Amino acid sequence: MVGAIKAAIGDALLTFMWIFCASTLGALTSVVSTALGVNGLVWPSLFITTFLVFLLVVVFTFIGDLLGGASFNPTGTAAFYAAGLGSDTLFSMALRFPAQAFGAVAGALAIKEVMPAEYKHMLGGPSLKVDLHTGAIAEGVLTFLITFAVLVIILKGPRNPLFKTWLLAVATVTMVVTGSSYTGPSMNPANAFGWAYVNNWHNTWDQFYVYWICPFIGAIFAAWFFRVLFPPPAQVKQKKA
């Protein structure tokens, strides 16, 4: 009980910080691109964004560890649970998911207040740019792909932590670019909820269907697929039995 509450508090804090910082990526990419004289060039801008994501993941991995394994993405928490990893229970996740959503709302509200006026148009979070069912499928498939990539990179990837983090950044930016013309995308229900709350469409069926139900389905299927491809050792199964 106490451990679950601590995990929820850690998640709320980490999600607040993540949404606040990650929402500045567009503005930071623009500033750095302009300073380097490559503003408007696609590939240099993508590299800059990827490098900034890499730095964020390095910092937030460290902070997450300090907070006892805190997470800012509900689908990641659900995926590790479905894969049989970690110490979460249904009860702890029932506390962690609302905490992550609360942290996301606070982060979105905070960054909207302090972002310089010339960059405020870059804020807003994910939004549905296609019909409802196409968007739902896109968000589910993208979450499946990023979740599977994260599981493979973290659990089966290179031992070098920096190279591992770089691969996570590349995978993230790739999925974001791929889904940009569909749903934003989010691949993170808490992030989507935070910005939906700010834009006053957090309590709509579209938001729940596209940015909550389908990402969870995609993440859980990715975890199950990972377990099929990489089953746990026999001795682990015996201990669990």
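This one's a predicted model, so the numbers in the text were calculated from it and none came from an experiment.

## Some remarks on the overall build of the protein
In terms of regular secondary structure, the protein is built from 10 helices and zero strands. Going residue by residue from the N terminus, the α and β elements of the protein occur as α-α-α-α-α-α-α-α-α-α. Computed over C-alpha atoms, the radius of gyration of the protein comes to 18 Å, within 12% of the 18 Å expected from 2.2 N^0.38 for 241 residues, which places it in the range of a compact globule. Burial statistics for the protein: of 241 residues in total, 42% are counted as buried. Looking at the protein alone, contacts between residues at least 24 apart form 78% of all its contacts between residues at least 6 apart. Split by element, the accessible area of the protein, about 12600 Å² in all, is 71% carbon and sulfur. For the protein, the distance from the average site of its 12 positive side-chain charges to the average site of its 8 negative ones is 16 Å.

## Some thoughts on a nonpolar patch on the surface
A contiguous nonpolar surface patch, about 670 Å² in accessible area, is contributed by Met1, Val2, Ile5, Ile9, Leu13, Leu67 and Phe91. The leading source of residues in the nonpolar patch is helix α1 (residues 2–22), at four residues. By the element assignment, Val2 lies in helix α1.

## A short note on the UniProt feature "transmembrane region" (unreviewed entry) in the protein
Annotation from UniProt places "transmembrane region" (unreviewed entry) at residues 12–36, 42–67, 132–154, 166–184 and 209–230. Helix makes up 92% of residues 12–36 and strand 0%, and the two end C-alpha atoms of the span are 36 Å apart. End C-alpha to end C-alpha, residues 42–67 measures 36 Å, and it is 96% helix and 0% strand.

## Here we look at the packing of aromatic side chains
For any pair of aromatic rings, the description rests on two quantities: the centre-to-centre distance and the angle between the ring planes. Scanning the model with the defined rule gives 19 aromatic pairs in all. Taken together, a centroid distance of 5.8 Å and an interplanar angle of 70 degrees make the contact between Phe54 and Trp166 edge-to-face. Taken together, the residues span a long stretch of sequence, with Phe54 in helix α3 (residues 42–66) and Trp166 in helix α7 (residues 161–179) at a distance of 112 residues. Trp166 sits in the partly exposed class, given a relative accessible area of 24%. Members of the aromatic cluster, connected to one another through ring pairs, are Phe144, Phe148, Phe225, Phe226 and Phe230.

## So, the environment of Leu85
One can find Leu85 in the loop between α4 (74–82) and α5 (90–114). When the C-alpha atoms of Leu85 and Ala223 are compared, they prove to be 9.8 Å apart, with 138 residues separating the residues in sequence. Once you skip the residues sitting within four places of it in the chain, Leu85 turns out to touch Phe80 and Leu155.

## Some remarks on the nonpolar core
In this structure, Trp18, Ile19, Leu25, Val53, Leu56 and Trp195 are the most contacted members of the largest nonpolar core, which totals 32 residues. Where this core is concerned, the elements lending two or more residues are α1, α2 (25–36), α3, α5, α6 (132–156), α7 and α8 (189–198). Considering each element in turn, this core owes the most residues, seven residues, to α3. In contact with Val53, not counting residues within four places along its chain, are Leu25, Ala169 and Val173. Counting nine residues, the second-largest nonpolar core is a separate cluster that includes Ala82, Ala219, Ala222 and Phe226.

## Regarding the environment of Ala223
Among the structural elements, Ala223 can be located in helix α9 (residues 205–229). Considered as a pair, Ala223 and Ala82 are 141 residues apart in the sequence and their alpha carbons are 5.8 Å apart. Filtering out sequence-adjacent residues up to four positions away, Ala223 remains in contact with Ala79, Ala82, Ala83 and Leu151.

## Concerning α7
Its 19 residues give α7 an end-to-end C-alpha distance of 27 Å, which sits within 8% of 27 Å, the value for a rise of 1.5 Å per residue. All of the buried residues in α7 are Lys164, Thr165, Leu168, Ala169, Ala171, Val173, Met175 and Gly179.

Thresholds applied
- Residues numbered from 1 in each chain as written.
- Predicted model: local features only at pLDDT ≥ 70, side-chain atom pairs only at ≥ 80, totals over all residues.
- Heavy atoms only, no water.
- Helix = DSSP H or I, 4+ residues; strand = E, 2+ residues; numbered from the N terminus.
- Rg over C-alpha atoms; globule rule 2.2 N^0.38 Å.
- Buried < 20%, exposed > 50% of the residue type's maximum accessible area, 1.4 Å probe, protein only.
- Contact = heavy atoms within 4.5 Å.
- Areas by Shrake-Rupley, 256 points an atom, 1.4 Å probe, with all protein chains shown as cover.
- Lys, Arg positive; Asp, Glu negative; His and termini not counted.
- Charge placed at Lys NZ, Arg CZ, Asp CG, Glu CD.
- Patch = residues over 30% accessible without salt bridge, like charges linked within 9 Å, V, L, I, M, F, W, Y side chains within 5 Å.
- Salt bridge = Lys/Arg side-chain N within 4 Å of Asp/Glu carboxyl O.
- UniProt positions renumbered as here; feature names shortened; annotations may be inferred.
- Phe/Tyr/Trp six-rings, centres within 6.5 Å; stacked < 30°, edge-to-face > 60°.
- Core = buried A, V, L, I, M, F, W, Y, C linked by side-chain atoms within 4.5 Å.
- Expected span 1.5 Å × (residues − 1).

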